[in-house]
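# Topology and contacts: notes
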Amino acid sequence: GAVVSQHPSWVICKSGTSVKIECRSLDFQATTMFWYRQFPKQSLMLMATSNEGSKATYEQGVEKDKFLINHASLTLSTLTVTSAHPEDSSFYICSAPTRISNYGYTFGSGTRLTVV
Amino acid sequence: TQLLEQSPQFLSIQEGENLTVYCNSSSVFSSLQWYRQEPGEGPVLLVTVVTGGEVKKLKRLTFQFGDARKDSSLHITAAQPGDTGLYLCAGAHRDYKLSFGAGTTVTVRA
């Protein structure tokens, strides 16, 4: 089946530093990758959509200069949280649509980011 | 504002009981999907429904898609502790973006 590998699974960083999260599609080509954040006991909120070879599109209210997205190849999309602050602490998840799973979407395992 | 209203928000039942989770919207979606999420993990797809009036069964789970393709339900028969988790419905738009419901936390007590 379609697998999206997300790393790291958890990371702790100091305020002001940057953190990169990677999502790789292992057995299919992901021309599109969606990035979500999820706060405890809440649902997933779409942050941005990345498309291979073009600029990402961001949802309203999401700072594109703070959440840098790169989708340089058909199997790799990255999200970099720049100058992280404690309020950026959250669970970040990537997802790619795939027809392999009956028009469903394959999600990464998520990254727990804690900014101290 | 959530495009998809999911209810109830929390559900705690005894092993062997049945439960139903509802997902309602005023929007029409190209498909509606149900996911289950464990703590600290990404959501895992349970089912995708595409056709209005469609009913799909997955062992003890029954999924229905409303005739107008705006609402859906998930019914679990004879729930087991392994069914515990966060259940999310999500509607797919034509641009492949997903809108998620707020989620239903299901706890099945042994």
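Let us look at the structure shown here. Here the structure is a predicted model, which means the values were calculated and not measured.

It is worth spelling out the pairing of strand β4 (residues 31-37) of chain B at this point. Residues and elements named next belong to chain B. With 6 of 7 residues buried, β4 lies mostly within the body of the structure. Pairing between β4 and strand β9 (residues 85-92): 7 bridges, direction antiparallel. Across the sheet, the residue bridging to Tyr35 is Leu88, located in β9. Here β4 folds back onto strand β5 (residues 44-49) in antiparallel fashion, the turn holding 6 residues, of which Gly40 has a positive phi close to 75 degrees.

This next bit is on the sheet that holds strand β3 (residues 19-25) of chain A. Strands belonging to one sheet form pairs held by backbone hydrogen bonds; the direction of such a pair is parallel or antiparallel. Residue and element names in this part refer to chain A. The antiparallel open sheet is built from 4 strands, whose spatial order is β1-β3-β8-β7. Strands with a single pairing partner mark the edges of an open sheet, and in this sheet they are β1 (4-7) and β7 (67-73). On average, adjacent strands in this sheet sit at an angle of 15 degrees to one another, irrespective of strand direction. Judged from the 4 bridges that link them, β1 and β3 form a sheet pairing that is antiparallel. Paired with Val4 across the two strands is Ser25, which belongs to β3.

As a further point, take the nonpolar core. Formed by 24 residues in total, the largest nonpolar core has its most connected members in Met33(A), Trp35(A), Leu79(A), Tyr92(A) and Leu113(A). Within the residue set of this core, elements represented by two or more residues are β2 (10-13), β3, β4 (32-38), β5 (44-51), β7, β8 (76-81), β9 (90-97) and β11 (111-115) of chain A. The contact partners of Leu79(A), leaving out residues within four places of it in the chain, are Val19(A), Lys20(A), Ile21(A), Trp35(A), Phe67(A), Leu68(A), Ile69(A) and Tyr92(A). By size, the runner-up hydrophobic cluster in this structure holds 20 residues, among which are Ile13(B), Val49(B), Phe63(B) and Val108(B).

Turning our eyes to something else, we now look at the sheet that holds strand β8 (residues 71-76) of chain B. All names here are of chain B. Pairing is antiparallel across the open sheet formed by 5 strands, whose spatial order is β1-β3-β8-β7-β6. Each having just a single partner strand, β1 (4-7) and β6 (55-58) make up the two edges of the open sheet. Averaged over all pairs of adjacent strands, the angle between their axes in this sheet comes to 15 degrees, without regard to strand direction. The pairing of β6 with strand β7 (residues 61-65) spans 4 bridges and is classified as antiparallel. Bridge assignment links Lys56 to a residue of β7, and that residue is Phe63.

What follows covers the interface of chain B and chain A. Contacts between the two partners involve 20 residues from chain B and, on the opposite side, 20 residues from chain A. When chain B packs against chain A, the two sides together hide about 1500 Å² of surface, and 55% of this comes from carbon and sulfur. It is Tyr96(B), Lys97(B) and Phe100(B) in chain B that bury the most area against chain A; as a group they hold 30% of the surface buried on that side. For the pair chain B and chain A, the number of links is 1 salt bridge.

Criteria and thresholds
- Residues numbered from 1 in each chain as written.
- Chains lettered and ligands numbered in written order.
- Predicted model: local features only at pLDDT ≥ 70, side-chain atom pairs only at ≥ 80, totals over all residues.
- Heavy atoms only, no water.
- Buried < 20%, exposed > 50% of the residue type's maximum accessible area, 1.4 Å probe, protein only.
- Helix = DSSP H or I, 4+ residues; strand = E, 2+ residues; numbered from the N terminus.
- Pairing = 2+ DSSP bridges.
- Axes fitted to C-alpha atoms, helices over the stretch in contact; angles between N-to-C directions.
- Core = buried A, V, L, I, M, F, W, Y, C linked by side-chain atoms within 4.5 Å.
- Contact = heavy atoms within 4.5 Å.
- Buried area = accessible area lost by both parts, 1.4 Å probe.
- Salt bridge = Lys/Arg side-chain N within 4 Å of Asp/Glu carboxyl O.

Nothing here speaks to function; it is geometry throughout.
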